[in-house]
Amino acid sequence: MIPPTFKCGKCGGSTIIEPQDGPGVCESCCEDHDYLYERYEGYRCVHCHGEPPPDWYDGLDYD
Ligand SMILES: [Zn+2]
Ligand SMILES: [Zn+2]
């Protein structure tokens, strides 16, 4: 099964996810990553589905 791909609204590149209210953005065009934990996948940006950089995890509060 081929995963669905959408077009980035800024550069025309492929994106993994697309919001219901408009074109999505690819990882490099995403200006405001907002990482949320997704089951089975780990943390992903809700806008571009990108993974957080390694140092991003340092800011997590584990308590
Ligand atoms: Zn793009
Ligand atoms: Zn993003």
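Further up the page is the structure itself.
Residues numbered from 1 in each chain as written. Chains lettered and ligands numbered in written order. Predicted model: local features only at pLDDT ≥ 70, side-chain atom pairs only at ≥ 80, totals over all residues. Heavy atoms only, no water.

*Asks:* Would you mind going over the coordination of the zinc ion (ligand 1) with me for this structure?
*Replies:* Each donor-metal-donor angle in an ideal tetrahedron of four donors is 109.5 degrees, and each such angle in an ideal octahedron of six donors is either 90 or 180 degrees. Around the zinc ion (ligand 1), the protein contributes the donor atoms Cys 8 (SG), Cys 11 (SG), Cys 26 (SG) and Cys 29 (SG), which lie 2.3 to 2.4 Å from the metal centre. Coordination at the zinc ion (ligand 1) is tetrahedral, judged from the 4 donor atoms that bind it and the angles of 105 to 116° they form at the metal. Counting the intervening residues between successive donors of the zinc ion (ligand 1) yields the motif C-x2-C-x14-C-x2-C. With Cys 11 in the loop between β1 (6–7) and β2 (14–15) and Cys 26 in the loop between β2 and β3 (35–38), the pair connects residues that are 15 residues apart, well separated along the chain. Its relative accessible area of 49% is what places Cys 11 among the partly exposed residues. (Donors = N, O, S within 2.8 Å, 3.2 Å for Na, K, Ca; no water. Tetrahedral: all angles 85-135°; square planar, octahedral: opposite > 155°, others 65-115°. Helix = DSSP H or I, 4+ residues; strand = E, 2+ residues; numbered from the N terminus. Buried < 20%, exposed > 50% of the residue type's maximum accessible area, 1.4 Å probe, protein only.)

*Asks:* Please explain the coordination of the zinc ion (ligand 2) as it appears in this structure.
*Replies:* Coordination sphere of the zinc ion (ligand 2), protein contribution only: Cys 30 (SG), His 33 (ND1), Cys 45 (SG) and Cys 48 (SG), at 2.0 to 2.4 Å. With 4 donor atoms in place around the zinc ion (ligand 2) and angles of 102 to 117° between them, the coordination shape is tetrahedral. Written as a sequence motif, the donor residues of the zinc ion (ligand 2) are C-x2-H-x11-C-x2-C. Of the two residues, Cys 30 is situated in the loop between β2 and β3 and Cys 48 in the segment after β4 (42–45); the sequence distance between them amounts to 18 residues. There is no split in this pair, since Cys 30 and Cys 48 are both buried.

*Asks:* Explanation requested: the pairing of β3 in the structure shown.
*Replies:* For a regular strand, side-chain orientation follows a simple rule: the groups alternate between the two sheet faces. Of the pairings in the sheet, the one linking β3 to β4 comprises 4 bridges and is antiparallel in character. Counterpart to Tyr 35 in the pairing with β4 is Cys 45. Linkage of β3 to β4, two consecutive antiparallel strands, is achieved through a turn of 3 residues, within which Tyr 40 is found at a positive phi near 75°. (Pairing = 2+ DSSP bridges.)

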